[in-house]
Amino acid sequence: GHPVRLSVQVHPYAGNRRMLLTRDITSLEQAEAMRRDFVANVSHEIRTPLTVLAGFVETLQTLPLDAEERSRYLQLMGQQSHRMETLVNDLLTLSRLEGSAAPPVNRWTRVRALMAQCEDEGRGLSSRLAAQGHKLSFALEADSEIAGAATELQSAMSNLLSNAIRYTPGGSEVAVSWRLLPDGRGEYAVRDSGPGIAAEHIPRLTERFYRIDRSRSRETGGTGLGLAIVKHVAQRHGAELRIESTVGKGSRFALVFPVTRLRQAAVPAPSLEK
Ligand code: ADP
């Protein structure tokens with residue numbers, strides 16, 4: 001444990017009897033320190049693209065540039081604005097997840113649809129990031145449904161896939177799968193053959209703004225909030241986030257959902273394999 005700090009106050013409503021209230025304020029102080037860190041981090045993350053943007057504005061105003069140079073600068077400015085927009089969107093997503101009640105468990109979302117959306121986004125991202133793309137594969141073992149909020153589930157699943165693609169060199173394998181575990185739970189997993197993650201980083205990955213390779217994260221449009229969002233979505237759905245990784249071999253991120261059911265298909269479902 002930590003050294004305990006107590007706050008002592010005399011309770012105003014105790015009348016003649018003196019009543020002392022003591023409580024451990026260590027956790028309050030920790031929460032306050034975390035809040036300060038968070039504000040400092042957000043400010044830094046916003047200031048960086050803003051500074052770059054302001055620099056480009058000044059350049060455009062002061063240097064005589066030809067049309068081609070101007071359009072190059074405008075394109076770079078667009079990238080920085082986009083980066084800020086992504087950051088603000090992720091921040092809003094996080095705060096919404098923290099400030100709202102858990103989604104109802106009587107709404108069912110079809111895993112096939114979630115996987116299909118992942119596939120679309122994954123193929124798009126892969127072709128933008130790597131000339132030769134990635135060897136993406138998608139396997140749906142059982143056509144199940146998950147209880148919860150479709151948009152949240154989609155964002156968690158897409159986040160794990162986008163990380164696998166962004167941190168893995170073009171040409172390498174990324175395998176996405178859904179299967180039922182022997183105990184009846186459902187597992188969504190993304191396995192990559194990328195650089196892997198050293199053991200000491202793994203417990204910290206879901207912290208906001210925690211990044212192992214800052215420049216790679218920025219380059220590929222990362223905000224440092226992706227896994228924090230995944231963790232929140234998992235918690236709200238009673239799911240477990242499992243991370244396994246071997247440096248030099250690759251990583252496996254999985255979400256294990258407690259409440260799933262098999263889809264009672266009225267029509268034969270088309271195969272997902274492409
Ligand atoms: P970011 O926006 O930086 O990707 P995340 O919260 O999604 O933020 O991930 C945190 C960090 O975890 C990343 O910056 C990266 O260093 C590491 N990471 C996440 N997924 C992988 C992966 N599949 N392979 C290697 N490193 C990863």
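Quick caveat, the model's predicted, so the values are computed rather than measured. (Residues numbered from 1 in each chain as written. Predicted model: local features only at pLDDT ≥ 70, side-chain atom pairs only at ≥ 80, totals over all residues. Heavy atoms only, no water.)

### A word on the confidence of the model for the chain
Test applied: Each residue carries a pLDDT score, the predictor's confidence in it, ranging from 0 to 100.
Model confidence for the chain is summarised by a mean pLDDT of 89, while 87% of its residues fall at 70 or above. Under the prediction, the complex receives an ipTM of 0.99, its pTM being 0.85.

### Looking at the UniProt feature "domain: Histidine kinase" (unreviewed entry) in the chain
Quick reminder of the rule: UniProt positions are given in the numbering used here, feature names are shortened, and annotations may be inferred rather than shown by experiment. Counting from the N terminus, the helices are the DSSP runs of H or I reaching at least four residues and the strands are the DSSP runs of E reaching at least two.
The UniProt entry lists residues 41–261 under the feature "domain: Histidine kinase" (unreviewed entry), expressed in the numbering used here. The annotated region residues 41–261 carries 49% helix and 20% strand content, and the separation between its end C-alpha atoms amounts to 41 Å.

### Considerations on the pattern of salt bridges
Basically, it comes down to this: Here, a salt bridge means any Lys or Arg side-chain nitrogen found within 4 Å of an Asp or Glu carboxyl oxygen. Classification of residues uses two cut-offs on accessible area relative to the type maximum, computed with a 1.4 Å probe and protein chains only: under 20% is buried, over 50% is exposed, and between them is partly exposed.
Taken as a whole and assessed by the stated rule, the structure comprises 18 salt bridges. Between E32 and R36 there is a salt bridge, with its nearest N and O atoms 3.8 Å apart. With E32 and R36 both in helix 1 (residues 26–62) and four residues apart, the pair spans about one turn of that helix. You can call E32 partly exposed: its relative accessible area is 34%. In this structure, the salt-bridge partner of E207 is R204, at a minimum N-O distance of 2.9 Å. Classification of E207 as partly exposed rests on a relative accessible area of 34%. In this structure R204 comes out as partly exposed when scored by relative accessible area, which is 39%. The structure contains a network of salt bridges with shared partners spanning E45, R211, R214 and R218.

### So, the site of the ligand
Operational definition: Only heavy atoms are used to decide nearness, and a residue is near a molecule or strand if one of them lies within 4 Å of it. Here a polar contact is recorded for every N or O atom pair within 3.5 Å, except that within protein the pair must consist of a potential hydrogen donor and a potential acceptor, and residues adjacent in sequence are included only if both atoms are side-chain atoms. Note on areas: Shrake-Rupley with a 1.4 Å probe; residue coverage comes only from the protein chains shown. Note on residue categories: nonpolar means Ala, Val, Leu, Ile, Met, Phe, Trp, Tyr, Cys or Pro, charged means Asp, Glu, Lys or Arg, and polar means any other residue, Gly included.
Lining the immediate environment of the ligand, one finds 20 residues, of which R166, Y167, S217, T223 and G224 sit closest. A distance of 2.8 Å separates a nitrogen atom of the ligand from a polar atom in the side chain of D192. In the complex, the protein chains occlude 97% of the 540 Å² of accessible area that the ligand would expose alone. When contributions to the shell around the ligand are tallied by element, the ones reaching two or more residues are helix 4 (150–166), helix 6 (226–236) and strand 9 (250–257). In the shell around the ligand, the residues fall into nine nonpolar, seven polar and four charged.

### Description of the sheet that holds strand 6 (residues 173–180)
Rules: Here the rule is simple: two strands pair whenever DSSP picks up at least two bridges between them. Interaxial angle, 0 to 180 degrees, is taken between N-to-C directions of lines fitted to C-alpha atoms, where a helix line uses only the stretch in contact. Contact between two residues is taken to exist if any of their heavy atoms lie within 4.5 Å; hydrogens are not considered.
Within the open sheet, the five strands sit side by side as 4-6-7-9-8. Their pairing is mixed. Single-partner strands in this sheet number two, and they are strand 4 (135–140) and strand 8 (240–246). Strand-to-strand twist of the sheet, defined as the mean angle between neighbouring strand axes without regard to direction, takes the value 10°. As judged from the seven bridges shared by strand 7 (residues 186–192) and strand 9, these two strands associate in the antiparallel manner. What sits directly across from G186, in strand 9, is F257. The sheet strands contacting helix 3 (residues 111–129) are strand 4, strand 6 and strand 7, and the helix crosses strand 4 at an angle near 180°.

### What about the environment of L63?
Among the structural elements, L63 can be located in the loop between helix 1 and helix 2 (67–99). The class of L63 is partly exposed, set by a relative accessible area of 45%. With 193 residues separating them in the primary sequence, L63 and V256 have C-alpha atoms 56 Å apart.

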